[in-house]
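Spelled out from the first residue to the last, the chains are:
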Amino acid sequence: MIEAVVFDLDGLLIDSEQVWDAVRERYVTERGGRYDAEVQRALMGMSSIEWSRYLHEAAGVPDEPRAINDEVVRRMLDAYRERLPLVDGAVDAVERIAARWPLALASSSNRPLIDAALESAGLARFFRATVSSEEVPRGKPAPDVYLEAARRLGVEPTRCAAIEDSHAGIRAAKAAGVRVIAIPNPAYPPDPESLAQADVTIRSLDELTPGLVDPSD
């Protein structure tokens, strides 16, 4: 029996993976680092502490991780102010599920970006708890962000359902013991092995219903 639902953010509610990719690629290139498909995929799901360190140590960006993080977040906030890439059906889906269960958000985004995105989209009021992976020891695919979301809601992880789009997110939620509904992002689809771990796979947020989240509901 499901008692709470935890949403991902990037690639699910906001189509921001392309924005992250463009911002980080431009920044890394400007600073003389390497940005290719290997780097891009490695970054998905990492916390800000992890990806800023990775860009410094593995991608050759000379700036210190804190400076890398601050500049990338500044550029992301500028991009969101210009246009928030809200996914079609996101508001309706969140409102539909919030009418039945308490909601949390478990995101790899930095806290300022989570807050800015939810406020701009008019979604903040639906979430009782929001967790950034920078607030836990490890980013996705480690289970930390989902375990913390469940803790803040006061619900056992095994009584939660997660709505995810990425390989790292699906693996993180399953590692936490959470039921997973996968909505693969067409531009950055999860690998087949990760997708196979999902309990249910659907094509879009329009298909997300209470009966799908909890068949016993």
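Before going into details, it helps to say that this report is about the structure given with it. The shown structure was predicted, so the numbers you read here are calculated from the model rather than taken from an experiment. (Residues numbered from 1 in each chain as written. Predicted model: local features only at pLDDT ≥ 70, side-chain atom pairs only at ≥ 80, totals over all residues. Heavy atoms only, no water.)

On a plain count of helices and strands, the protein comes out with 10 helices and 6 strands. A compact globule built from 217 residues would reach a C-alpha radius of gyration of about 17 Å, and the protein, at 16 Å, matches this within 12%. Expressed as lengths along the three principal axes of its C-alpha atoms, the size of the protein is roughly 55 × 35 × 30 Å. Within the protein, the fraction of its 217 residues that count as buried is 55%. Contacts in the protein between residues far apart in sequence, at least 24 positions, make up 65% of those at least 6 positions apart. Accessible area of the protein: about 9,400 Å², with a carbon and sulfur share of 49%. (Helix = DSSP H or I, 4+ residues; strand = E, 2+ residues; numbered from the N terminus. Rg over C-alpha atoms; globule rule 2.2 N^0.38 Å. Buried < 20%, exposed > 50% of the residue type's maximum accessible area, 1.4 Å probe, protein only. Contact = heavy atoms within 4.5 Å. Areas by Shrake-Rupley, 256 points an atom, 1.4 Å probe, with all protein chains shown as cover.)

Below, the discussion takes up the packing of aromatic side chains. Tallied over the full model, the rule gives 2 aromatic pairs. When the centroid spacing of 6.1 Å and the interplanar angle of 90 degrees are considered together, the rings of Phe7 and Phe127 count as edge-to-face. Of this pair, Phe7 sits in strand β1 (residues 4-7) while Phe127 sits in strand β3 (residues 127-132); the two residues are 120 residues apart in sequence, bridging distant segments of the chain. Like Phe7, the residue Phe127 is buried in the burial classification. Between the aromatic rings of Trp20 and Trp51, the centroid separation amounts to 5.8 Å while the plane-to-plane angle is 75 degrees, which identifies the pairing as edge-to-face. With Trp20 in helix α1 (residues 17-30) and Trp51 in helix α3 (residues 48-57), this pair connects stretches of sequence that are 31 residues apart. Trp51 matches Trp20 in its accessibility class, with the two residues each being buried. The side chain of Arg24 reaches across the aromatic face of Trp51, ending 5.0 Å from its centre. (Phe/Tyr/Trp six-rings, centres within 6.5 Å; stacked < 30°, edge-to-face > 60°. Lys NZ or Arg CZ within 6 Å of the ring centre and 35° of its normal.)

The subject of this paragraph is the pattern of salt bridges. Counted according to the given criterion, the structure contains 23 salt bridges. One salt bridge connects Arg159 with Glu3, and the closest N-O pair in it is separated by 3.9 Å. With Arg159 in the loop between α7 (144-153) and β4 (160-164) and Glu3 in the segment before β1, this pair connects stretches of sequence that are 156 residues apart. By relative accessible area, which is 33% here, Arg159 ends up partly exposed. Taking relative accessible area as the criterion, Glu3 reaches 35% and is therefore assigned partly exposed. A salt bridge links Arg75 to Glu71; the shortest N-O distance between them is 2.8 Å. With Arg75 and Glu71 both in helix α4 (residues 65-82) and 4 residues apart, this pair spans about one turn of that helix. (Salt bridge = Lys/Arg side-chain N within 4 Å of Asp/Glu carboxyl O.)

This brings us to the packing of α3 against α4. The geometry of α3 relative to α4 is characterised by a closest axis approach of 8 Å and an angle of 115 degrees between their N-to-C directions. Between α3 and α4, the angle falls in the class roughly perpendicular. Crossing handedness for the pair α3 and α4: right-handed. Across the interface between the two elements, Ser48, Trp51, Ser52, Arg53, Leu55 and His56 of α3 pack against Pro65, Ile68, Asn69 and Val72 of α4. Of the residues belonging to the contact of α3 with α4, the class tally is 5 nonpolar, 4 polar and 1 charged. (Axes fitted to C-alpha atoms, helices over the stretch in contact; angles between N-to-C directions. Parallel < 35°, antiparallel > 145°, perpendicular 65-115°, else oblique. Left-handed = near helix turned anticlockwise from the far one by under 90°. Nonpolar A, V, L, I, M, F, W, Y, C, P; charged D, E, K, R; others polar.)

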